[in-house]
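# Overview (structure and organization)
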Amino acid sequence: MFPRIVFAICTLLTLVFTPVHAEETGSIIDKVKERGEVVVGIRQDNPPHSFINEKGDWVGFDVDIANAVADKLGVKMKRIPVDEITRITYLQNGKIDIAAASMSHTWKRDDAVDFSQTYFWSAQTFLVRTDGAKSLDDLVGKKVGMNRGSHSISNWKHWLEKNGHQVNEEDIIEFGNKQIAMNAVLAGKIDGWAEDAEVLVSYANPNPALTVLNGEAIGMKQDGLGVIQNDSKMRDAVNRALQEIESSGEYLTIYNRWFGPDSETPMPLENRIEVWPQG
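About the cut-offs
- Residues numbered from 1 in each chain as written.
- Predicted model: local features only at pLDDT ≥ 70, side-chain atom pairs only at ≥ 80, totals over all residues.
- Heavy atoms only, no water.
- Helix = DSSP H or I, 4+ residues; strand = E, 2+ residues; numbered from the N terminus.
- Rg over C-alpha atoms; globule rule 2.2 N^0.38 Å.
- Buried < 20%, exposed > 50% of the residue type's maximum accessible area, 1.4 Å probe, protein only.
- Contact = heavy atoms within 4.5 Å.
- Expected span 1.5 Å × (residues − 1).
- Phe/Tyr/Trp six-rings, centres within 6.5 Å; stacked < 30°, edge-to-face > 60°.
- Arc of directions from axis to C-beta.
- Polar contact = N/O pair within 3.5 Å; in protein donor to acceptor, adjacent residues only side chain to side chain.
- 1 Å grid on protein atoms, 1.4 Å probe; cavity = no way out; pocket = protein on both sides within 12 Å on 5 of 7 lines; lining within 4 Å.
- Points joined across faces, edges and corners; volume = space filled by probe spheres on them.
- Nonpolar A, V, L, I, M, F, W, Y, C, P; charged D, E, K, R; others polar.
- Pairing = 2+ DSSP bridges.
- pLDDT = per-residue confidence, 0-100.
- Salt bridge = Lys/Arg side-chain N within 4 Å of Asp/Glu carboxyl O.

## Some thoughts on the overall build of the protein chain
Along its length, the protein chain carries eleven helices and twelve strands. Against the globule reference of 19 Å for 279 residues, the protein chain gives a C-alpha radius of gyration of 20 Å, in line with a compact fold. Reported as C-alpha extents along the three principal axes, the dimensions of the protein chain are approximately 60 × 60 × 40 Å. Counting every position in the protein chain, which comprises 279 residues, the buried fraction comes to 49%. Counting contacts in the protein chain only where the partners sit at least 6 residues apart, residues at least 24 apart contribute 74% of the total.

The structure is reproduced here in structure tokens:
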């Protein structure tokens, strides 16, 4: 009797905690079309990609991209707040259909979810005090901050090893809140905070005591829209939507709104979404 009870419990746990797989449930895009709504996970703490502005509106580059994708899919968009952890787990558990959450495509994340084509390119570096570090070398052996779940952690470790420095795990402080990380730099509790360059610029611009180590990167950033793993039909639909946004010129309009020369965080456009032939 006891083995049967154990087996039953294990079976129940498997059903509860096993992530959704497209081959078992059908393509997500069919469900999206049927309900007329796509559920998109978007961050609220990551300016200029996605944040709550002074008017209380949820805005940003990723918000505009998600809206444009929903429009191309011919459905309405429902936004769900996510963070650096839930943007992946919500996809796996079927709580969201797409993650538009400034998520860089890495091999490690690709083992958990699938990605669209890259739609944003940048690099990662450090936010520092203006009277502090002047280069990445100045941060070696110092206490530095990283966002939990961010690949800036592995990028910094790789940079250290590549340049002949020892990695000391105790020197890396992980934060679950970007504002707290910035305040830690201001207070001198850490000597730098590693993040995407454009995000750091948005935090540094209003504060003359902070600056970004421009020109020095610890790694590249290539954002894709996250989708459930092994759902090629859904991924193709999202890719087609992105390519239509690019072809129509809408992508450039959205980009310039948030990163163009007249924006608060000007970032040169380093690449464009690849558009495939129709034939």
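## Here we look at helix H10 (residues 232–248)
A rise of 1.5 Å per residue sets the reference length of H10, with its 17 residues, at 24 Å; its end C-alpha atoms lie 24 Å apart and thus fit the reference within 8%. Along H10, the positions that sit buried rather than exposed are Met234, Ala237, Val238, Asn239, Ala241, Leu242, Gln243, Ile245 and Glu246. Those residues of H10 that are buried are in contact with helix H3 (28–35), helix H4 (61–73), strand E6 (98–99), strand E7 (114–129), strand E12 (219–227) and helix H11 (250–259). Of the residues one or two after H10, Gly249 is the one with positive phi, at around 90°.

## Focus: the packing of aromatic side chains
Summed over all chains, the structure comprises 13 aromatic pairs. With a centroid separation of 5.2 Å and an interplanar angle of 45°, the aromatic rings of Tyr255 and Phe259 are classed as tilted. Note that Tyr255 and Phe259 are positioned in helix H11 at a spacing of four residues, about one turn of the helix. In terms of burial, Tyr255 and Phe259 fall into one category: buried. Within the aromatic cluster, the residues linked to one another by ring pairs are Phe61, Tyr119, Phe120, Tyr251, Tyr255 and Phe259.

## What about helix H8 (residues 178–186)?
Residues of H8 that are buried include every one of Lys178, Ala181, Met182, Ala184 and Val185, and no others. When H8 is viewed along its axis, its buried side chains cluster within an angular range of 155° and face the same direction. At the N-terminal end of H8, a side-chain oxygen is found 2.8 Å from the backbone nitrogen of Gln179, two or three residues along, and the residue is Asn177. Of the residues one or two after H8, Gly188 is the one with positive phi, at around 80°.

## What about empty space enclosed by the protein?
Counting across every chain of the model gives one cavity of 30 Å³ or more. As for the largest cavity, its lining consists of 16 residues, of which Arg87, Ser102, Ser150, Glu195 and Asp196 are closest to the centre. A class-by-class count of the residues in the lining of the largest cavity yields no nonpolar, seven polar and nine charged.

## Thoughts on the pairing of strand E10 (residues 192–196)
Burial runs high along E10: five of the five residues are buried. With four bridges joining them, E7 and E10 adopt antiparallel strand pairing. Within E10, the position partnered with Phe126 by the bridge is Ala194. Pairing geometry for strand E8 (residues 144–147) and E10, over two bridges, is parallel. Looking at E10, one finds that Val144 is bridged to Gly192.

## As for the sheet that holds strand E2 (residues 45–46)
The antiparallel open sheet is built from three strands, whose spatial order is E2-E3-E4. Of all the strands in the sheet, the pair left with one neighbour each is E2 and strand E4 (58–59). Relative to E4, strand E3 (residues 50–52) runs antiparallel, the two being bridged by two bridges. Bridging across to E4, Phe51 finds its partner in Val59.

## Thoughts on the confidence of the model for the protein chain
Model confidence for the protein chain is summarised by a mean pLDDT of 92, while 91% of its residues fall at 70 or above. Scored below 50 in pLDDT, residues 1–18 shows zero contacts in the model against residues more than four places distant or in partner chains.

## Here's the deal with the pattern of salt bridges
What the rule picks out here adds up to 16 salt bridges. With its nearest N and O atoms 3.0 Å apart, the salt bridge here joins Arg43 to Asp45. Relative accessible area serves as the criterion here: at 5%, Arg43 is assigned to the buried category. The salt bridge involving Glu84 is made with Arg148; its shortest N-O contact spans 2.6 Å. Of this pair, Glu84 sits in the loop between strand E5 (76–81) and helix H5 (86–92) while Arg148 is found in the loop between E8 and helix H7 (152–162), placing the two residues 64 residues apart along the sequence.

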